[in-house]
Amino acid sequence: METTITAGVLGAGVMGAGIAQVLATAGLEVHCHDVSHDALAAARELIDTGRFGVRSAVERGKLTAVEADEALDRVSFTERPEDLHRCDLVIEAIPERLDLKIAAFRALDRHCRPETILATNSSGFPVSAIAAATDRPDRVVGWHWASPAPVMRFAEIVRGPSTSDETVETVSALARRAGKNPIVVEDTAMAWGYVANRVYAAMIREARRVADEGIATREEIDQLMVDCFRWPAGPFGMTRGATSGWS
Ligand SMILES: NC(=O)c1ccc[n+]([C@@H]2O[C@H](COP(=O)([O-])OP(=O)(O)OC[C@H]3O[C@@H](n4cnc5c(N)ncnc54)[C@H](O)[C@@H]3O)[C@@H](O)[C@H]2O)c1
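Reading the values: the criteria
Residues numbered from 1 in each chain as written. Predicted model: local features only at pLDDT ≥ 70, side-chain atom pairs only at ≥ 80, totals over all residues. Heavy atoms only, no water. Helix = DSSP H or I, 4+ residues; strand = E, 2+ residues; numbered from the N terminus. Polar contact = N/O pair within 3.5 Å; in protein donor to acceptor, adjacent residues only side chain to side chain. Axes fitted to C-alpha atoms, helices over the stretch in contact; angles between N-to-C directions. Parallel < 35°, antiparallel > 145°, perpendicular 65-115°, else oblique. Contact = heavy atoms within 4.5 Å. Nonpolar A, V, L, I, M, F, W, Y, C, P; charged D, E, K, R; others polar. Expected span 1.5 Å × (residues − 1). Buried < 20%, exposed > 50% of the residue type's maximum accessible area, 1.4 Å probe, protein only. Near = heavy atom within 4 Å. Areas by Shrake-Rupley, 256 points an atom, 1.4 Å probe, with all protein chains shown as cover. Pairing = 2+ DSSP bridges. Arc of directions from axis to C-beta.

Let us now look at the environment of glutamate 186. With respect to the helices and strands, the residue glutamate 186 is situated in strand β8 (residues 181-186). Sequence separation between glutamate 186 and alanine 131 is 55 residues, and the spatial gap between their C-alpha atoms is 14 Å. Engagement of the side chain of glutamate 186 in a polar contact is seen with the side chain of arginine 159, the distance being 3.4 Å.

The geometry of helix α9 (residues 218-229) relative to helix α10 (residues 235-244) is characterised by a closest axis approach of 7 Å and an angle of 100 degrees between their N-to-C directions. One finds that α9 runs roughly perpendicular with respect to α10. Each of Arg218, Ile221, Asp222 and Met225 in α9 lies in contact with α10, whose residues at this interface are Pro235, Phe236, Gly237 and Arg240. Taken together, the residues that form the contact of α9 with α10 break down as 4 nonpolar, 1 polar and 3 charged.

This next bit is on helix α1 (residues 14-25). Helix length check: α1 (12 residues) gives 17 Å between terminal C-alpha atoms against 16 Å at 1.5 Å per residue, within 8%. Along α1, 10 of the 12 residues are buried, which leaves the element largely enclosed by surrounding structure. Regarding α1, the residues found buried are Met15, Gly16, Ala17, Gly18, Ile19, Ala20, Gln21, Val22, Leu23 and Ala24. Trailing α1 by a residue or two, glycine 27 shows a phi angle of about 100 degrees, which is positive.

Met15, Asp34, Glu96, Lys101 and Ser123 are the nearest of the 22 residues found near the ligand. Here the ligand loses 76% of its free accessible area of 840 Å² to cover by the protein chains. Secondary-structure elements contributing two or more residues to the shell around the ligand are α1 and β6 (140-145). Within the shell around the ligand, the residues separate by chemical class into 10 nonpolar, 9 polar and 3 charged.

The subject of this paragraph is the sheet that holds β6. Here we have 8 strands laid out as an open sheet, ordered β3-β2-β1-β4-β5-β6-β7-β8, and mixed in their pairing. Whereas interior strands pair on both sides, the edge strands pair on one side only; in this sheet they are β3 (75-78) and β8. Between one strand and the next, the sheet's axes are offset by a mean angle of 25 degrees, whatever the strand orientation. Note that strand β5 (residues 117-120) and β6 share 3 bridges and pair parallel. Counted as the bridge partner of leucine 118 is valine 140 from β6. In the packing of helix α5 (residues 98-111) onto the sheet, the strands contacted are β1 (6-10), β4 (89-92), β5 and β6, and the crossing angle to β5 comes to about 170 degrees. The strands touched by helix α7 (residues 165-177) are β4, β5, β6, β7 (154-159) and β8; relative to β7, the strand with the most contacts, the crossing angle is about 175 degrees.

In this model, α5 (14 residues) spans 20 Å end to end at C-alpha, consistent with the 20 Å of a helix rising 1.5 Å per residue. Residues of α5 that are buried: Lys101, Ala104, Phe105, Leu108 and Asp109. Taken down its axis, α5 places every buried residue within 135 degrees of arc, on the same side. Where the residues of α5 are buried, they touch β1, β4, β5, α6 (127-131) and β6.

Further remarks concern the packing of helix α8 (residues 196-212) against α10. Between α8 and α10, the shortest axis-to-axis distance is 9 Å and the interhelical angle comes to 120 degrees. Accordingly, the angle class assigned to the pair α8 and α10 is oblique. In contact with Tyr200, Met203, Ile204, Ala207, Arg208 and Ala211 of α8, α10 contributes Pro235, Phe236, Met238 and Thr239. Each residue belonging to the contact of α8 with α10 can be placed in one class, and the counts come to 8 nonpolar, 1 polar and 1 charged.

Put into C-alpha cells, the structure is as follows:
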C-alpha cells in the first residue's frame, strides 16, 4: 500500500489548482493555500467542474464518479499559511517574480518541518537563487509543470547545485505516481527557462518576427505549425491558453 503523503500547494491560480487536483487524484492529502479568497473559490470550481476538472475526467472515462468525489474531498482550500507547515512536500505556484518566490521560500523554510521538501513551479528562475533563501538547499528542487496540469505529462525536475539525490528521487517518484513523465535537468544560473521554456521562447521569438515582417498573420502561423507538426496549438495560441488556463 502506498503511504499517505501530505502536500501543500502555495498559490491557487491556474497552475496551483491543477497541481492540487493532480496530487489529490494520485491519493495525496492536499492543502491548497492562497492569499486570495476569490482565487481559492475559483480553484475549487476549476478542480470540480472546470474544463480539465474531475467531473470532466469522469465524462472522459479517466475517473469514476466516486474517485472524483474522493479526490475533491482530499483537497482543503485554505487562507491559513500555517496549514502548509506540517506537509511532507510544498509546491510553490505563486506569480513568476523572483522577489516573491524568495520571500515565500524564506517563510516556508522558517515554518515547515526540517524534512519538508520545498519545490518551485517557477517557469525558469535558477533553483539555486530560490534555495539560497533557505537553510535546506538540499531539499529545494524545481518541479516545473505544464498547463493544463491535469492533462500534460510534462514534469521538468530541476536539480539545483545543492539539491540532494534523495530529494530528486522523492519528487520524481511522486511525479510518476501522479502519471507524469519526470525528466531531471540541471539548474542554470545563465538563462531563464530551464529546458522547455528556453526552447519555447526561441520559437515564440521567431514566430513574432515572422508576423512582424508581414509574412503571415498570427492566426496563419498558428495554423501552419499545427498542420505541419501536429502541435495541439500554434505558438500564439499556446501563449494565450497557458495564461488563461485553456478555459
Ligand atoms: N500558466 C502557465 O502556463 C504556467 C506553466 C508552468 C509554470 N507556470 C508558473 O507557475 C507559477 C504560477 O503561475 P500561474 O499561471 O498559476 O499564476 P496565477 O497568477 O494564475 O496564480 C498565482 C496565485 O498565487 C497567489 N499568490 C500570490 N502571492 C502569494 C503568496 N505569497 N502566498 C500565497 N498565494 C499567493 C495569487 O493570489 C494567485 O492566485 C509561476 O511561477 C509561473 O511562471 C505557469
